[in-house]
Amino acid sequence: MTRVQNHYEVLQISTAATDVEIRKAYHNLAKQHHPDKSVALDTLPSSVTQATSVFLDLQIAFNILKTPDLRQQYDRQLASGRIELALCDVVDLEDMQYEMKDGGWTYQRGCRCSGSFTLTDKDLEKASNFCIVVPCSCCSQNIQVVFAVASNGVIEGN
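The next subject is the overall build of the protein chain. Within the protein chain, the secondary structure is distributed over six helices and eight strands. Sequence-ordered secondary structure for the protein chain, helices as α and strands as β, is α-α-α-α-α-β-β-β-β-α-β-β-β-β. Within the span of the protein chain, comprising 158 residues, buried residues form 34% of the whole. For the protein chain, restricting intrachain contacts to residue pairs at least 6 apart in sequence, the fraction spanning at least 24 positions comes to 47%.

This brings us to the packing of aromatic side chains. Aromatic rings considered in pairs are described by the distance between their centres and by the relative angle of their planes. Tallied over the entire structure, the rule returns four aromatic pairs. Here Tyr98 and Trp105 contribute two aromatic rings whose centre-to-centre distance is 5.6 Å and whose plane-to-plane angle is 70 degrees, an arrangement assigned as edge-to-face. Judged by its relative accessible area of 54%, Tyr98 falls in the exposed class. Between Tyr98 and Tyr107 the ring centres are 6.2 Å apart and the planes differ by 45 degrees, which places this aromatic pair in the tilted class. Residue Tyr107 is classed as buried on the basis of its relative accessible area, which comes to 9%. Through successive ring pairs, a cluster of aromatic residues spans Tyr98, Trp105 and Tyr107.

Another aspect to go through is helix α5 (residues 68-80). One turn of an α-helix holds 3.6 residues; hence residues three or four places apart share an orientation. Over its 13 residues, α5 extends 18 Å from the first C-alpha to the last, a length consistent with the 18 Å expected when each residue adds 1.5 Å. Along α5, the positions that sit buried rather than exposed are Arg71, Tyr74 and Gln77. The buried residues of α5 occupy an angular sector of 125 degrees when projected down its axis, which confines them to one face. In α5, those exposed residues whose orientation departs by more than 90 degrees from the buried face are Pro68, Asp69, Arg76 and Ala79. Backbone geometry just downstream of α5 places Gly81 in the positive-phi region, at approximately 80 degrees.

Reading the values: the criteria
Residues numbered from 1 in each chain as written. Predicted model: local features only at pLDDT ≥ 70, side-chain atom pairs only at ≥ 80, totals over all residues. Heavy atoms only, no water. Helix = DSSP H or I, 4+ residues; strand = E, 2+ residues; numbered from the N terminus. Buried < 20%, exposed > 50% of the residue type's maximum accessible area, 1.4 Å probe, protein only. Contact = heavy atoms within 4.5 Å. Phe/Tyr/Trp six-rings, centres within 6.5 Å; stacked < 30°, edge-to-face > 60°. Expected span 1.5 Å × (residues − 1). Arc of directions from axis to C-beta.

Right, here's the structure in full:
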């Protein structure tokens, strides 16, 4: 599974960044990834969708980090390791494409940005409460995958 980027990583700044550094990073990256610029450079729908997704990630990160109260709350969550992730969907394991790969099962589902949500049977074994949050390989979207364990110990969709 791909690790989820935090807001500082999205804006490519340190956690000690000043308000001025946050604004400067946001404006530079927003200019670079704005969907209108992508349309002019590349008319492939997947490129535009991915640019839009990246741009939305930048806006979310900036809106939280530019607001002192929200930034403090976010920093506390980040320090405790309990960042609350926004879910774009809840998906049953049976609704994902799967294949045998490297001696184990790999499950995959496409994302709106043309990236993918990917997990393995090893990820499922580590999951608790019969669900797991899976980040997109390209953007900050996350899905929650729900599953059941049959009486014979086989993991399956709900």
